[in-house]
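A look at the structure
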Amino acid sequence: MALQFDTRYPSIDDLRIKAKKKIPKFAFEYLDGGCNEDVNIKRNTSELREVQLKPTYLKTHHGSSLKTTLFGTDYDAPFGIAPVGLQGLMWPNSAEILAKAAFEHNIPFILSTVTTTSIERAAELTEGKAWFQLYHPAEDRLRDDIIKRAEVAGCPVLVILCDVPTFGFRPRDIRNGLAMPPKMTLSNILQVFGRPHWALQTLKYGQPSFDTLKPYMPKGLDLKQLGKFMDATFSGRLYEEKIKPIRDMWKGKLVLKGVASEYDTEEAIRLGIDGIIVSNHGGRQLDAGESTIKPLATIAETYGDKIEVMMDSGLRSGPDVARAMASGAKFTFMGRSFMYGVSALGKRGGDHTISLLKAELQQVMEQLCCERTTDFPNHLIR
Ligand SMILES: Cc1cc2nc3c(=O)[nH]c(=O)nc-3n(C[C@H](O)[C@H](O)[C@H](O)COP(=O)(O)O)c2cc1C
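Now for a quick tour of the structure. Everything numeric in this text was worked out from a predicted model, so none of it was measured.

1. Focus on the site of the ligand
What surrounds the ligand is a group of 23 residues, the closest being Pro83, Ser112, Asp312, Gly314 and Arg316. Within the contact set of the ligand, an oxygen atom lies 2.8 Å away from a side-chain nitrogen or oxygen of Asp312. One of the side-chain nitrogen or oxygen atoms of Arg316 is found 2.8 Å away from an oxygen atom of the ligand. With the chains in place, 98% of the 600 Å² that the ligand exposes on its own is no longer accessible.

2. Things to note about the packing of helix 7 (residues 140-152) against helix 12 (residues 240-249)
It is the contact of helix 7 with helix 12, at a shortest axis distance of 11 Å, that shows an interaxial angle of 35°. The crossing of helix 7 and helix 12 is right-handed. Seen from helix 7, the contacting residues are Arg143, Asp144, Ile147, Lys148 and Glu151; seen from helix 12, they are Pro245, Ile246 and Met249. Broken down by class, the residue content of the contact of helix 7 with helix 12 amounts to 4 nonpolar, no polar and 4 charged.

3. Brief notes about the side chain of Asp287
Mapped onto the elements, Asp287 comes out in the loop between strand 8 (275-278) and helix 14 (293-303). For Asp287, the side chain forms a polar contact with the main-chain nitrogen of Glu37, separated by 2.9 Å.

4. Examining the pattern of salt bridges
Tallied over the entire structure, the rule returns 23 salt bridges. Measuring nitrogen to oxygen at the nearest pair gives 3.8 Å for the salt bridge that ties Arg43 to Glu47. Taken together, the positions of Arg43 and Glu47, both in helix 3 (residues 39-48) and 4 residues apart, correspond to about one turn of that helix. When its relative accessible area of 31% is taken as the criterion, Arg43 is described as partly exposed. With its nearest N and O atoms 3.9 Å apart, the salt bridge here joins Asp305 to Lys306. Both residues of the pair, Asp305 and Lys306, count as exposed. Among the charged side chains, a network of salt bridges with common partners joins Glu240, Lys244, Glu267 and Arg270.

5. What to know about the state of the cysteines
Overall, the coordinates contain 0 disulfides when judged by the stated rule. The cysteine Cys35 is free of any disulfide, with Cys162 supplying the nearest cysteine sulfur at 16 Å. Free cysteine Cys370: the closest other cysteine sulfur is in Cys369, separated by 8.3 Å.

Cut-offs used in this document
Residues numbered from 1 in each chain as written. Predicted model: local features only at pLDDT ≥ 70, side-chain atom pairs only at ≥ 80, totals over all residues. Heavy atoms only, no water. Near = heavy atom within 4 Å. Polar contact = N/O pair within 3.5 Å; in protein donor to acceptor, adjacent residues only side chain to side chain. Areas by Shrake-Rupley, 256 points an atom, 1.4 Å probe, with all protein chains shown as cover. Axes fitted to C-alpha atoms, helices over the stretch in contact; angles between N-to-C directions. Helix = DSSP H or I, 4+ residues; strand = E, 2+ residues; numbered from the N terminus. Left-handed = near helix turned anticlockwise from the far one by under 90°. Contact = heavy atoms within 4.5 Å. Nonpolar A, V, L, I, M, F, W, Y, C, P; charged D, E, K, R; others polar. Salt bridge = Lys/Arg side-chain N within 4 Å of Asp/Glu carboxyl O. Buried < 20%, exposed > 50% of the residue type's maximum accessible area, 1.4 Å probe, protein only. Disulfide = S-S within 2.5 Å.

Remember that the coordinates give geometry; whether it matters functionally is a separate question.
Put into structure tokens, the structure is as follows:
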């Protein structure tokens, strides 16, 4: 097996450990943490890893391919990069690094409304292939303008979010003064001094800013005013009256992210949504909630022929992608894994992480005698 990645970091956990040493504590904790007591984030990975797969060794094997078709588009692997806010805080330019790597590897990259590059820049880097995740604006005019920009930029898929009716309760971020917007407390400044590479890169690329939202933000806001602007601009809770006009306006594929129940899946189907991402926001919203692997199997089995069922939250490896696909996901996404990669390795991080996950997944498929990614369910031990 020819390994196409930096062999010093052969697992996502290696990247996480390196990232922790490389970036300031407040930025690492923002990325790494769940919410409240971190129960849900731990469950996501541990319960996913209870899924077991059965190999078949004596069958003729014609080779395994990671290629997967989603919404009529052929991708080179069944995983993509989930939307992450404030990416430039973890590593300068990281949204751009990941968008470019996703394009080069032909996998989807989803740009968050509140990250540090704009819709237009992400579209340029991916030749119009980036998906866009919309945080729901309180004002219709703003909503329409952002959707129009995504359309003009050529985004094929718009992702709306149902799992942030309120901001998650995250003790570390509260302690670090990072409850959007980041505060430069003395402790945070000292942490920056301890991470000179991060500090130099940040100086080079400038303070991270919300590039997609720049045209709507009054100039010269101080940090406190910026927080108020964000609160006033976005209304988290999504329901029928909010979804309908988006469905009417958006001609491309529409995906609802954050689904964790059969009720919300049925609503999504009724409202004409094309796909759902079964997700709990990587354990950042409801600590008492289920892991995503739990509702996935039922949702995929009951509704998988009516709507594209995808999944994220807790995946950290090729075997994890295989477990999710075997349990019924048509496609998977990861948030932290890619951000650990870029935080650890800078501009090499996107390519490295994607190559690593591809190599791991290829090995699982060959071991199982699974030739196509649609065949994973045949290997599930029920
Ligand atoms: C630091 C961080 C910021 C996030 N910001 C967003 C966001 O702006 N929009 C969004 O839809 N999801 C956001 N998410 C959730 C991810 O899209 C995804 O659901 C989650 O990371 C999946 O779990 P995983 O990190 O275990 O792979 C964020 C996640 C993290 C870790």
